Amino acid sequence: MKSMKKAVTGIVSLLMTLCLTGCSLDYSALRHHNENEGAESVSMTAETQEQFQEELSAFEITALQRELAADNKAGYPVLDAGRGNPNWINGKVRHAFTRLMDFATSECELVFVEGDMAGHGKKEGIGDRFDAFMDETDETDKFLIDAVEHCVKDLDMDKDELLFEFANGITGDYYPSPSRCLTHTEAILNEFLVSALFNGNEPENGTDIFPTEGGSAAMSYIFHTLNHNRLLKPGDKIAIATPIFTPYLEIPDVNDYGLVSVNVASDEEHNWDIDTAELNKLKDKEIKAFFLVNPSNPASHALSPATLDALEEVVSGNPDLIILTDDVYGTFVEGFESVYSRLPYQTILVYSFSKLYGATGWRTGLIAMSRDNVCDRLLSELSAEDQKALYNEYAIAVTDPSSMKFIERLTADSRSIGLYHTSGLSTPSQIFMDIMALSHTTYGRDEYIELANDTVNERYITLMDALGIAKDLSGENAEYYTIVDINAMIEDQYGSDFARWRIDNISDLDFLNDLAEKKGVVLMYGPGFEAPEGSVRISLANLNTQDYVEIAERIRELLEEYYVKFEEEALGADA
Ligand SMILES: *Cc1c(COP(=O)(O)O)cnc(C)c1O
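Given the structure is predicted, the values throughout are model-derived calculations rather than measurements.

(A) Fine view of the sheet that holds strand S14 (residues 535-539). One open sheet holds the 3 strands; their spatial order is S11-S14-S13, and the pairing between them is antiparallel. Since the sheet does not close on itself, it has two edges, and those belong to strand S11 (481-485) and strand S13 (524-525), each with one partner. Pairing analysis gives 5 bridges linking S11 to S14, with the strands arranged antiparallel. Across the sheet, residue Asp485 finds its bridge partner in S14, namely Ser535.

Here's what the structure looks like:
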């Protein structure tokens, strides 16, 4: 009872701080509960409180803590390990983009120049002009020369055709055509996926790709089109691998899709891998779709090869299951293999360039699907009535809607269907994706990925050592984030009496608020991701190595302040 009162006080103080700081959060969730609870709002039930915390998502809570941290009592520089935005970029791909843009613009100016106006570039002889333009002794130019040579030699491309796509694409002087994905771009991105995410295994039926404005857009397009095409109907059950990136927890109900979600949980005890009992939930044919982030966010672990085997086995018994895998962190695990390359027929893949290349502002991601896939089969098995309704809708965009593939429907739905012909990702963004992909595939070894992995690995080791917590150095750990069980850490290092006192007297939210307000440290609230009570997510992507030592020291300072209070109370009780 006491712990609940304290927790409620935590909520009330959070509310007050929200009002005081006047940050631009959506208060509707808060009002909703006040109306329901009326004058008794202070004695919220545990259930209401849980709902409350879920509605105030982890990201909103962090927004508040960011404000508290800005003028923290200790006057410390703010250390914000809440963000997943990396603090690095890939410089080479930016330089290459600029050079390619210069080349493409010079091509246009060859056609005509009048004031600031120039023509559309020409295809004939573009390969020779590229060779003449680029300087082999310049590092950036050399990369572009090698990348083009790689495409010609290893991907069997015509040099003029390729460079014409690059030049037009980067200039952005035509609508994307084909609208779903530029032709050479699709082949370049395919090679990237096979190497970076499929562990070299090429799915036998080939892969269609739809480049999107980042992974977030990919997710919302997929949810929308699954729903719009009646592959997920209100009341359908979907399984979600938890803990998970919060948008996946919010989309199923917030967008009124009316889906019923079932958690397929992983925990620290199982090294954040999914055990057989949880995986077996997917055998239920009532479950229409399974969403996972792999390697996961927040736990940052990839499914082990044994779990992939077990998943294949389980899914063979549920052949209509649609799997959606978000592999944004795949490149942070050496030898990573996607669920997509194991189960291409049943899987929709989402990838984003945001994290590895430090390109969150570019909005570059993609959706990939096997040319032979379950969604197309399920479309053909819809009721005559559903098929007719969809036929009429898509008829404004294509001549034969009944054979329109799911991935084309995704493309059409990403605008409104009537605007299908002007859909597709901006062409300069597609060419930038090519450049990022080619920086990985052109040379046998990708030193940039190694560097990114070493970078987060060093930060992870530093943080865990500074916190005095055992490290998990298994191959499945992407180390992009880590979940720290603060309760376990306190119990282990300060004893169980203090740990219990802390739980009874200081809620997890109050702990995070104190950390921000008193010590200027921002971490994320674990339960917001369906991670356990008492856990926090720490990003290893956005601060420098020494900052993680400092974070550990400030956590310790705060715990020691709590400890003084605990001793006072314990002594008071004895007296
Ligand atoms: C960061 C992140 C993304 C990236 O989304 P973008 O829109 O491409 O920035 C996607 N999925 C997960 C799980 C992420 O953590």
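(B) Inspection of the sheet that holds strand S4 (residues 207-212) at higher detail. If you trace the 7 strands from one edge of the open sheet to the other, you get S4-S10-S9-S8-S7-S5-S6, paired in mixed fashion. Each having just a single partner strand, S4 and strand S6 (260-265) make up the two edges of the open sheet. For this sheet the average axis-to-axis angle between neighbouring strands, irrespective of direction, equals 20°. In this sheet, strand S8 (residues 322-326) lies alongside strand S7 (residues 287-293) in parallel orientation, the contact comprising 5 bridges. Paired with Leu292 across the bridge in S8 is Thr325.

(C) Just the environment of Ser179, in detail. Inspection of the secondary structure puts Ser179 in the loop between helix H8 (159-171) and helix H9 (183-196). C-alpha separation for the pair Ser179 and Phe210, spaced 31 residues apart in sequence, amounts to 9.0 Å.

(D) Spotlight on the environment of Glu139. Here Glu139 is to be found in helix H7 (residues 139-154). Under the relative-accessibility criterion, Glu139 is labelled exposed at 71%. Distance in space between the C-alpha atoms of Glu139 and His95 is 9.6 Å, their sequence separation being 44 residues.

(E) Fine view of the site of the ligand. As a structural note, the neighbourhood of the ligand is formed by 13 residues, with Ser216, Tyr329, Ser352, Lys355 and Arg363 the closest of them. Gly215 places a main-chain nitrogen or oxygen 2.6 Å from an oxygen atom of the ligand. Summarising the interface, the protein chains cover 94% of the accessible area of the ligand, which totals 390 Å² for the free molecule. Among the elements that take part in the shell around the ligand, helix H10 (residues 214-228) stands out by supplying 3 residues, more than any other. Each residue belonging to the shell around the ligand can be placed in one class, and the counts come to 4 nonpolar, 6 polar and 3 charged.

(F) Spotlight on the side chain of Ser414. For Ser414, the position within the fold is in the loop between helix H17 (406-413) and helix H18 (427-441). By relative accessible area, which is 13% here, Ser414 ends up buried. Of note is the side chain of Ser414, whose polar atom sits 2.7 Å from the backbone oxygen of Thr411. Look past the residues within four positions of Ser414 in its chain and what remains in contact with it is Phe210, Tyr221 and Ser423.

(G) Structural context of H9. Taking 1.5 Å of rise per residue, the 14 residues of H9 would be expected to cover 20 Å, and the 20 Å separating its terminal C-alpha atoms lies within 8% of that figure. The buried count for H9 comes to 11 of 14 residues, which makes it a mostly enclosed element. Against H7, H8, S4, strand S9 (347-352), strand S10 (365-370) and H18 lie the buried residues of H9.

(H) Expanded view of the packing of helix H4 (residues 58-70) against helix H22 (residues 508-519). Their axes nearest at 7 Å, the elements H4 and H22 cross at an angle of 35°. Across the interface between the two elements, Ile61, Leu64, Gln65, Leu68 and Ala69 from H4 touch Leu509, Leu512, Asn513, Ala516 and Glu517 from H22. Partitioning the contact of H4 with H22 into residue classes produces 7 nonpolar, 2 polar and 1 charged.

(I) Structural view of the pattern of salt bridges. As enumerated under the stated definition, the model contains 31 salt bridges in all. The partner of Asp131 in a salt bridge is Lys159, and the shortest N-O contact between them spans 2.8 Å. Of this pair, Asp131 sits in helix H6 (residues 126-133) while Lys159 sits in helix H8, placing them 28 residues apart in sequence. The class of Lys159 is partly exposed, set by a relative accessible area of 26%. Note that Glu561 is salt-bridged to Lys519, the shortest N-O span being 2.7 Å. In this pair, Glu561 is assigned in helix H23 (residues 545-574) and Lys519 in helix H22, connecting sequence segments 42 residues apart.

(J) Structural detail: unusual backbone geometry. The amide bond that connects Ser177 to the next residue, Pro178, takes the cis arrangement and shows omega of -5°. When you line up the elements, Pro178 lands in the loop between H8 and H9. Cis peptide bonds are those with omega within 30 degrees of zero, and the linkage from Thr242 to Pro243 qualifies with -5°. When you line up the elements, Pro243 lands in the loop between strand S5 (237-242) and helix H11 (246-254).

(K) Expanded view of the pairing of S8. With 5 of 5 residues buried, S8 lies mostly within the body of the structure. Alternating residues of S8 divide into Ile322, Leu324 and Asp326 and Ile323 and Thr325, and every residue in both groups is buried. For S8 and S9, the ladder comprises 4 bridges, and the chain directions are parallel. Counted as the bridge partner of Ile323 is Thr347 from S9.

The rules behind each value
- Residues numbered from 1 in each chain as written.
- Predicted model: local features only at pLDDT ≥ 70, side-chain atom pairs only at ≥ 80, totals over all residues.
- Heavy atoms only, no water.
- Pairing = 2+ DSSP bridges.
- Helix = DSSP H or I, 4+ residues; strand = E, 2+ residues; numbered from the N terminus.
- Axes fitted to C-alpha atoms, helices over the stretch in contact; angles between N-to-C directions.
- Buried < 20%, exposed > 50% of the residue type's maximum accessible area, 1.4 Å probe, protein only.
- Near = heavy atom within 4 Å.
- Polar contact = N/O pair within 3.5 Å; in protein donor to acceptor, adjacent residues only side chain to side chain.
- Areas by Shrake-Rupley, 256 points an atom, 1.4 Å probe, with all protein chains shown as cover.
- Nonpolar A, V, L, I, M, F, W, Y, C, P; charged D, E, K, R; others polar.
- Contact = heavy atoms within 4.5 Å.
- Expected span 1.5 Å × (residues − 1).
- Salt bridge = Lys/Arg side-chain N within 4 Å of Asp/Glu carboxyl O.

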